[in-house]
Amino acid sequence: MSAIYPVAEIRKIEQAALRDLPPYTLMQRAGQAAAQAALRLLPCPPHSAAILVLAGPGNNGGDALEAAAGLAKAGCEVLALLKTPPSQLPPDAAQALARAQRQGVHLMPPEQFADIDSAQWTLVIDGLFGIGLSRPLDGDWRSLVQAVNAMPCPVLALDVPSGLDADTGTVVGGAGGIAVTASNTITFIADKAGLYTGDGPDYAGSVELATLAIADQYLPAPNMWLNHPGLFSDYLRPRKRNSHKGSFGDVAVIGGAAGMAGAPILAARAAARCGAGRVFVGYAENPPAYDQAQPELMCRHAADLDFSSAVLVVGTGMGMANSALALLTRALDALSWLVLDADALNLLARQPQLQVQLAQRQHAVLMTPHPLEAARLLGLSTSEIQADRVTAARRLASRFNAVVVLKGAGSIIARADGAVVVNPTGNPALATAGSGDVLSGICGALLAQGWPQWEAALAAVWLHGRAADQLVAQGIGPIGLTAGELIPEVRLLLNQLVQER
Ligand SMILES: NC(=O)C1=CN([C@@H]2O[C@H](COP(=O)(O)OP(=O)(O)OC[C@H]3O[C@@H](n4cnc5c(N)ncnc54)[C@H](OP(=O)(O)O)[C@@H]3O)[C@@H](O)[C@H]2O)[C@@H](O)CC1
Ligand SMILES: [K+]
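Fair warning: this is a prediction, and the values are worked out from it, not measured in the lab.

1. Some remarks on the pattern of salt bridges
Stage number 1. The tally for this structure, following the rule as stated, stands at nine salt bridges.
Stage number 2. One salt bridge in this structure joins glutamate 66 and arginine 99, with 2.4 Å as the shortest N-O distance. Of this pair, glutamate 66 sits in helix H3 (residues 59-73) while arginine 99 sits in helix H4 (residues 91-102), and the two are 33 residues apart along the sequence.
Stage number 3. For glutamate 66, a relative accessible area of 1% puts it in the buried group.
Stage number 4. Using a relative accessible area of 16% as the deciding quantity, one classes arginine 99 as buried.
Stage number 5. For aspartate 291, the salt bridge identified is with arginine 269, shortest N-O distance 2.6 Å. With aspartate 291 in the loop between strand S10 (278-283) and strand S11 (298-301) and arginine 269 in helix H7 (residues 262-273), this pair connects stretches of sequence that are 22 residues apart.
Stage number 6. Judged by its relative accessible area of 6%, aspartate 291 is buried.
Stage number 7. The partly exposed category is assigned to arginine 269, whose relative accessible area is 23%.

Printed below as a string of structure tokens:
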């Protein structure tokens, strides 16, 4: 399952399921799943492991105590840190505490709370706060999290790393806030966007989902998903033998102001190697005779290109001059599918009348802003965009009637009807010049081959990130991966996906 629900929906699902299940059932399931995940993380047999379980005042703490019981039963030495008096725990958590104590879990005496880093733990379980976190962590909670974050052992967060906003992937309290830096997170019932976007991946580490066997009847139709090839596999079609280059469409990349001639070349090479039948590069000024490394590309003055017969990828290194504005206006007038990137987006942000034209356009538009470009388009600051990436992407999609890819860690793909996909592939190797140009070229190639814009965006973003992940696994990056190196890897992945289907 790849559905993502906002916390408010998870609460409703939980409440509906709890009405039909005996009390304490879901917590037992969560705790048992957490104990199993913890056992898998141990580098030693259970009886040699010393596990510190941090239990908060709510049901996240209950999950942790239930996990503690399971781990003690499996033979681990388990010490639980519980600041809350047992009489103040919610009923399910109180039951979990009683069970943990029956299984031999020891409660840490309060005078040792400040010294948790004096012992060597095999594993720490973070059950301080889950989706009930309502304000920044301060005081003793803050000190506790600081101590955990300095520990060298793996940290398994339950549901969400304590301190992280599960919807937005921001630390509650912003720059002054703090959250647990987990190596692993086991999240319950359904995935949450904040584990995969913004700062979320840096805090959550590797994420595992435990659905707690909640029956489908309790799950509303989602409008958010985690990206995976199943979402676009209908279009991973093998080519017919009876094909010719006209079968796979044309892409025209429009951009390349003086000093930026390489940007459209990167996009165009990506388009060619992701299967577009023919690829043109339309320069705002001074087109090179051809691309020596990829002579298949046809480099021309943009003024000489037919804008009506190709998918147009507009904006890469295009600059902000009047000539660039004229090209963007011409592209918006054309009856072609559009990918708008980089300076096309910056120009749009300055031109309200073009924004109206874009929103009213009949033909599909795919926009690929990074957070600063998104901020310019919405008249916000970059930090306001990053504070809620899902909402920002939705606002752009609805305002411009477009499919929007909001780039950055955990790219968000949003559609005008509010549907959102969060992308889990990719890594900091992609934070390099030209990486966005390659992405826009992949989008253009898939559109030219007849993919609908939604699936084209999902596939392009997934492939782009996955290619970087595979290159990094081979030691090619994250330091020093160059954007052009992504292109053959994306081609390989695309062909593999088609063959596997
Ligand atoms: N119900 C179920 O059956 C299931 C629940 N599940 C689990 O329960 C979790 C949700 O449980 P939850 O609603 O009890 O919220 P939780 O995250 O434990 O925290 C709430 C407590 O923290 C407190 N608090 C908040 N912020 C604070 C701060 N900054 N500093 C200090 N205190 C702060 C808050 O106090 P208050 O805000 O009221 O003052 C309250 O006492 C969920 O993530 C999942 O793990 C799953 O197992 C599925 C089945
Ligand atoms: K937690």
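2. So, the packing of aromatic side chains
Stage number 1. For the structure shown, the criterion picks out four aromatic pairs.
Stage number 2. Ring centres 4.9 Å apart and planes at 75° place the aromatic pair phenylalanine 129 and tryptophan 141 in the edge-to-face group. Of this pair, phenylalanine 129 sits in the loop between strand S4 (123-127) and helix H5 (139-149) while tryptophan 141 is found in helix H5, placing the two residues twelve residues apart along the sequence. Just as phenylalanine 129 is buried, tryptophan 141 falls in that class too.
Stage number 3. Note on phenylalanine 232 and tryptophan 451: the rings are 6.3 Å apart at their centroids and 40° apart in plane angle, and the pair reads as tilted. Within this pair, whereas phenylalanine 232 is found in the loop between strand S8 (224-226) and strand S9 (250-255), its partner tryptophan 451 is found in the loop between helix H14 (435-448) and helix H15 (453-473), the two being separated by 219 residues in sequence.
Stage number 4. The exposure class of tryptophan 451 is buried, given its relative accessible area of 5%.
Stage number 5. One aromatic cluster in this structure is built from Phe232, Tyr235, Trp451 and Trp462.
Stage number 6. A cation over an aromatic ring shows up here: lysine 83 above the ring of tryptophan 141, its NZ or CZ 4.4 Å from the ring centre.

3. What about the coordination of the potassium ion (ligand 2)?
Around a metal, the ideal angle is 109.5 degrees if four donors adopt a tetrahedral arrangement and 90 or 180 degrees if six donors adopt an octahedral arrangement.
Stage number 1. Bound to the potassium ion (ligand 2) are the protein donor atoms Asn60 (OD1), Asp126 (O), Phe129 (O), Leu158 (O), Val160 (O) and Ser162 (OG), situated 2.6 to 3.1 Å from the metal.
Stage number 2. Around the potassium ion (ligand 2), the six donor atoms sit at angles spanning 65 to 170°, and that spread fits a shape best called irregular.
Stage number 3. Of note, the donors binding the potassium ion (ligand 2) are all from one chain and are spaced N-x65-D-x2-F-x28-L-x1-V-x1-S. Residue aspartate 126 is found in strand S4, and its partner leucine 158 is found in strand S5 (residues 155-158); the two are separated by 32 residues along the sequence.

4. Notes on the UniProt feature "binding site: K(+)" (unreviewed entry) in the protein chain
Stage number 1. With numbering aligned to this structure, UniProt lists the feature "binding site: K(+)" (unreviewed entry) at Asn60, Asp126 and Ser162. A compact arrangement is adopted by the annotated residues: their sequence extent is 103 residues, whereas the largest C-alpha distance between any two is 9.4 Å.
Stage number 2. Turning to its location among the elements, asparagine 60 is positioned in helix H3.
Stage number 3. Among all residues touching asparagine 60, those that are not within four sequence positions of it are Asp126, Gly127, Leu128, Phe129, Gly130, Leu158 and Asp159.
Stage number 4. By relative accessible area, which is 0% here, aspartate 126 ends up buried.
Stage number 5. Leave out the neighbours within four places in its chain, and aspartate 126 touches Leu54, Asn60, Val155, Leu156, Ala157, Leu158, Val160, Pro161, Ser162 and Val180.

What counts as what
Within each chain, residues carry numbers counting from 1 in the order of the written sequence. Working convention: letters from A go to chains and numbers from 1 go to ligands, in the order in which they are written. Whole-chain, interface and lining totals are the exception, using all residues; otherwise, since this is a predicted model, local features are given only for residues with pLDDT of at least 70 and side-chain atom pairs are given and counted only at 80 or more. Heavy atoms from the whole structure form the basis of all side-chain values; hydrogens and water molecules are not counted. Each reported salt bridge corresponds to a side-chain nitrogen of Lys or Arg within 4 Å of a carboxyl oxygen of Asp or Glu. Every helix listed is a DSSP run of H or I at least four residues long, and every strand listed is a run of E at least two residues long, numbered separately from the N terminus. Buried residues are those whose accessible area, probed at 1.4 Å on protein chains only, stays under 20% of the maximum for their type, while exposed residues exceed 50% and partly exposed ones sit between those limits. Any Phe, Tyr or Trp ring, taking Trp's six-membered ring, that has another such ring centre within 6.5 Å forms a pair; planes under 30 degrees apart are called stacked, those over 60 apart edge-to-face, and the others tilted. Criterion for a charge above a ring: Arg CZ or Lys NZ at most 6 Å from the ring centre, at most 35 degrees from the ring normal. Atoms are scored as donors when they are N, O or S and lie within 2.8 Å of the metal, with 3.2 Å used for Na, K and Ca; no water is included, so coordination may look incomplete. Between 85 and 135 degrees for all angles marks four donors as tetrahedral; over 155 degrees for opposite donors together with 65 to 115 for all other angles marks four donors as square planar and six as octahedral; every other arrangement is irregular. UniProt positions are given in the numbering used here, feature names are shortened, and annotations may be inferred rather than shown by experiment. Residues count as neighbours in contact if any of their non-hydrogen atoms are within 4.5 Å of one another.

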